[in-house]
Amino acid sequence: QVHVVESGGGLVQAGGPLRLPCAASGSIFSINSMGWYRQAPGKPRELVAAITSGGSTNYAESVKGRFTISRDNAKNTVYLRMNSLKPEDTAVYYCNADVVQSWFESGRYYWGQGTQVTVSS
């Protein structure tokens, strides 16, 4: 069993910062990529940022230069540092982890329950 838990969401004024941690726990042998997605009302879920176990990162164009993804492999934790927040960043933010549970298995994606981020203008 694997659990992925996000935290750190809340209400923030436009231009402000927010940091979202996400921790994976349970039966984990290793974690390949970890990522953050978001879903605004009436819109599909979209990738915000992702990071591989080696530290390579990928960002949505809309957040480049404002958001930074990082991870602590020892803690199975990924962080999303969000700066210069805009009202259009308002969404539920979901964490995703590609978890390998044993040496002979391939990875499987696990999702967190999501955390609400609201940016007021």
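Residues numbered from 1 in each chain as written. Predicted model: local features only at pLDDT ≥ 70, side-chain atom pairs only at ≥ 80, totals over all residues. Heavy atoms only, no water.

(A) Just the state of the cysteines, in detail. Counted by the stated rule, this structure contains one disulfide. For Cys22, the disulfide goes to Cys95, at an S-S distance of 2.0 Å. With the S-S dihedral at roughly -85 degrees, the linkage between Cys22 and Cys95 falls on the left-handed side. Note that Cys22 is positioned in strand β3 (residues 18-26) and Cys95 in strand β9 (residues 91-100), a separation of 73 residues in sequence. Assessed through its relative accessible area of 1%, Cys22 is described here as buried. We classify Cys95 as buried; its relative accessible area is 0%. (Disulfide = S-S within 2.5 Å. Helix = DSSP H or I, 4+ residues; strand = E, 2+ residues; numbered from the N terminus. Buried < 20%, exposed > 50% of the residue type's maximum accessible area, 1.4 Å probe, protein only.)

(B) Representation of the side chain of Thr77 in the model. Counting through the fold element by element, Thr77 comes out in strand β8 (residues 77-82). Only 2.9 Å separates the side chain of Thr77 from the backbone oxygen of Lys75, close enough to count as a polar contact. (Polar contact = N/O pair within 3.5 Å; in protein donor to acceptor, adjacent residues only side chain to side chain.)

(C) Spatial organisation of the packing of aromatic side chains. In total, this model carries two aromatic pairs according to the counting rule given. Here Trp103 and Phe104 contribute two aromatic rings whose centre-to-centre distance is 5.6 Å and whose plane-to-plane angle is 85 degrees, an arrangement assigned as edge-to-face. The pair Trp103 / Phe104 is uniform in exposure class, with both members exposed. In this arrangement the basic side chain of Arg45 is found over the ring face of Tyr94, its NZ or CZ atom lying 3.7 Å from the centre. For the cation-ring pair, Arg45 lies above Trp111, with the distance from its terminal atom to the ring centre recorded as 4.8 Å. (Phe/Tyr/Trp six-rings, centres within 6.5 Å; stacked < 30°, edge-to-face > 60°. Lys NZ or Arg CZ within 6 Å of the ring centre and 35° of its normal.)

(D) Representation of the pattern of salt bridges. Following the criterion strictly, the structure yields four salt bridges and no others. Among the ionic pairs, Arg38 bridges to Glu46, the shortest N-O distance being 2.7 Å. Linking Lys64 and Glu61 is a salt bridge whose minimum nitrogen-to-oxygen distance equals 2.8 Å. Look at Lys64 and you get partly exposed, because its relative accessible area is 45%. According to the relative accessible area criterion, Glu61 is exposed, its value standing at 63%. The network of salt bridges with shared partners includes Arg38, Glu46, Arg66 and Asp89. (Salt bridge = Lys/Arg side-chain N within 4 Å of Asp/Glu carboxyl O.)

(E) Broad picture of the pairing of strand β7 (residues 67-72). Taking every second residue as pointing to the same face, the buried face of β7 carries Phe67, Ile69 and Arg71, while none of Thr68, Ser70 and Asp72 on the other face is buried. Here β7 runs beside β8; their pairing, made up of six bridges, is antiparallel. Bridged to Phe67 within β8 is Met82. Where β7 hands over to β8, the hairpin turn is made up of four residues, of which Asn76 adopts a positive phi near 50 degrees. (Pairing = 2+ DSSP bridges.)

(F) Focus on the side chain of Arg38. Here Arg38 shows up in strand β4 (residues 30-39). The buried category is assigned to Arg38, whose relative accessible area is 6%. A distance of 2.9 Å separates a polar atom in the side chain of Arg38 from a polar atom in the side chain of Asp89. Within the structure, the side chain of Arg38 is placed 2.9 Å from the side chain of Tyr93, a separation counted as a polar contact. Discounting chain neighbours no more than four positions away, the residues touching Arg38 are Pro44, Arg45, Glu46, Val48, Ser62, Val63, Phe67, Asp89, Ala91, Val92 and Tyr93. (Contact = heavy atoms within 4.5 Å.)

From the geometry alone we can't say anything about function, so treat these as descriptive.
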